[in-house]
Amino acid sequence: AQSVTQLDSHVSVSEGTPVLLRCNYSSSYSPSLFWYVQHPNKGLQLLLKYTSAATLVKGINGFEAEFKKSETSFHLTKPSAHMSDAAEYFCVVSEGELGSARQLTFGSGTQLTVLP
Amino acid sequence: EAGVTQSPTHLIKTRGQQATLRCSPISGHTSVYWYQQALGLGLQFLLWYDEGEERNRGNFPPRFSGRQFPNYSSELNVNALELEDSALYLCASSSLGAQNTEAFFGQGTRLTVV
């Protein structure tokens, strides 16, 4: 069975300072891992995904995430926060046998606030 | 290429009525997922359909049901609506099998029960 834990429900940073949103997962198979962002009253947009080709994954808007198998973590980072980054972020794991349909499991979300 | 489309965008119903929400996946995607996002409760998994079959359902009462049609579009039905069913209902689709295929989300249907 798979599960996702987002360690912080709320994170507040000042504009221009680094962002760290933490995610730990458990999975019975080799998982796929994703980060999605949801701006107020909007649907979810994919930020980045782990493809197993590289442990450091670059996404849109300057976000990155590093897959650490030994720590079962997939933390999301950005060197310098922008006001437009204020949103809710979801860590997602997808697993299943190759060739079969895959179930998504969402973390509970982290609300990022960016202070001027 | 069209993304995941959901209809209607907004729906207002009275308590006890039934609501039907619709989702059209991206062309070629066979899996459809439904999620409820109620205020303060995060994203709650409702249902997962693939190839016309229900693969899994979340911890919701039986009055939440759905189906997937041969063209892979899907309906979510909520019977005997309660005030706490008011939420944003999100649909997502993905393709079969590929390890690193992400899910694509629609903009959601905002259901308000009064």
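Residues numbered from 1 in each chain as written. Chains lettered and ligands numbered in written order. Predicted model: local features only at pLDDT ≥ 70, side-chain atom pairs only at ≥ 80, totals over all residues. Heavy atoms only, no water.

**Describing the overall build of chain A**
Piece 1. A tally of helices and strands in chain A yields zero helices and 12 strands.
Piece 2. Ordered by position from N to C terminus, the α and β elements of chain A give β-β-β-β-β-β-β-β-β-β-β-β.
Piece 3. Relative to the globule expectation of 13 Å for 116 residues, the C-alpha radius of gyration of chain A, 14 Å, shows essentially globular dimensions.
Piece 4. Its C-alpha atoms give chain A principal-axis dimensions of about 45 × 30 × 20 Å.
Piece 5. Taken across its 116 residues, chain A has 47% of its residues classed as buried.
Piece 6. Accessible surface computed for chain A: about 5,400 Å², of which carbon and sulfur atoms make up 53%.
Piece 7. Looking at chain A, you have 8 positive and 9 negative side-chain charges, and the mean spots of the two groups are 5 Å apart. (Helix = DSSP H or I, 4+ residues; strand = E, 2+ residues; numbered from the N terminus. Rg over C-alpha atoms; globule rule 2.2 N^0.38 Å. Buried < 20%, exposed > 50% of the residue type's maximum accessible area, 1.4 Å probe, protein only. Areas by Shrake-Rupley, 256 points an atom, 1.4 Å probe, with all protein chains shown as cover. Lys, Arg positive; Asp, Glu negative; His and termini not counted. Charge placed at Lys NZ, Arg CZ, Asp CG, Glu CD.)

**With respect to the nonpolar core**
Across soluble globular proteins, nonpolar side chains have a tendency to be buried as a group.
Piece 1. Ranked by internal contacts, the top residues of the largest apolar core, which has 26 residues, are Trp35(A), Leu48(A), Phe74(A), Leu76(A) and Tyr89(A).
Piece 2. Of all the elements, strand 10 (residues 87-95) of chain A adds the most residues to this core, at four residues.
Piece 3. Once residues within four sequence positions are removed from consideration, Leu76(A) is found in contact with Val19(A), Leu20(A), Leu21(A), Trp35(A), Leu47(A), Leu48(A), Phe63(A), Glu64(A), Ala65(A) and Tyr89(A).
Piece 4. Cys23(B), Ile26(B), Trp34(B) and Leu47(B) belong to the second largest nonpolar core, which has 22 residues in total. (Core = buried A, V, L, I, M, F, W, Y, C linked by side-chain atoms within 4.5 Å. Contact = heavy atoms within 4.5 Å.)

**Comments concerning the state of the cysteines**
Residue and element names in this part refer to chain A.
Piece 1. Across all of its chains, the model carries two disulfides over all chains by this definition.
Piece 2. With a sulfur-sulfur separation of 2.0 Å, cysteine 23 is cross-linked through a disulfide to cysteine 91. Looking along the S-S bond of the cysteine 23-cysteine 91 disulfide, the torsion reads about -65 degrees, which is the left-handed sense. On the criterion of sequence distance, the pair formed by cysteine 23 in strand 4 (residues 23-26) and cysteine 91 in strand 10 is long-range, its members being 68 residues apart. In this pair, the class of cysteine 23 matches that of cysteine 91, namely buried. (Disulfide = S-S within 2.5 Å.)

**Considerations on the packing of aromatic side chains**
Piece 1. Applying the stated criterion across every chain, the model contains 14 aromatic pairs over all chains.
Piece 2. Here the aromatic rings of Phe106(A) and Tyr35(B) are separated by 4.9 Å at their centres, their planes lie at 70 degrees, and the arrangement is edge-to-face. Of this pair, Phe106(A) sits in strand 11 (residues 103-106) while Tyr35(B) sits in strand 4 (residues 31-38), which puts the two residues in different chains.
Piece 3. Of the residues examined, Phe106(A) reaches a relative accessible area of 12% and is grouped as buried.
Piece 4. Since its relative accessible area comes to 1%, Tyr35(B) is described here as buried.
Piece 5. The rings of Phe34(A), Tyr36(A), Phe90(A), Phe106(A), Tyr35(B), Phe45(B) and Phe105(B) are connected pair by pair, giving a single aromatic cluster. (Phe/Tyr/Trp six-rings, centres within 6.5 Å; stacked < 30°, edge-to-face > 60°.)

**Quick look at the pattern of salt bridges**
Piece 1. As enumerated under the stated definition, the model contains eight salt bridges over all chains in all.
Piece 2. In this structure, the salt-bridge partner of Lys78(A) is Asp85(A), at a minimum N-O distance of 2.8 Å.
Piece 3. Accessibility expressed as a relative area gives 11% for Lys78(A), which makes it buried.
Piece 4. In this structure, Arg55(B) and Asp50(B) form a salt bridge, with 3.4 Å as the shortest nitrogen-oxygen distance. (Salt bridge = Lys/Arg side-chain N within 4 Å of Asp/Glu carboxyl O.)

**What about the pairing of strand 9 (residues 87-94) of chain B?**
All names here are of chain B.
Piece 1. By the criterion of burial, strand 9 is predominantly enclosed, with eight of the eight residues buried.
Piece 2. Neither face of strand 9 is left uncovered, since the one carrying Ala87, Tyr89, Cys91 and Ser93 and the one carrying Leu88, Leu90, Ala92 and Ser94 both have all their residues buried.
Piece 3. Two elements, strand 9 and strand 11 (residues 109-113), share three bridges in a ladder whose sense is antiparallel. Opposite leucine 88, over in strand 11, you have arginine 110 as the bridge partner.
Piece 4. As judged from the two bridges shared by strand 9 and strand 10 (residues 104-105), these two strands associate in the antiparallel manner. By the bridge assignment for strand 10, serine 93 is matched with phenylalanine 104. (Pairing = 2+ DSSP bridges.)

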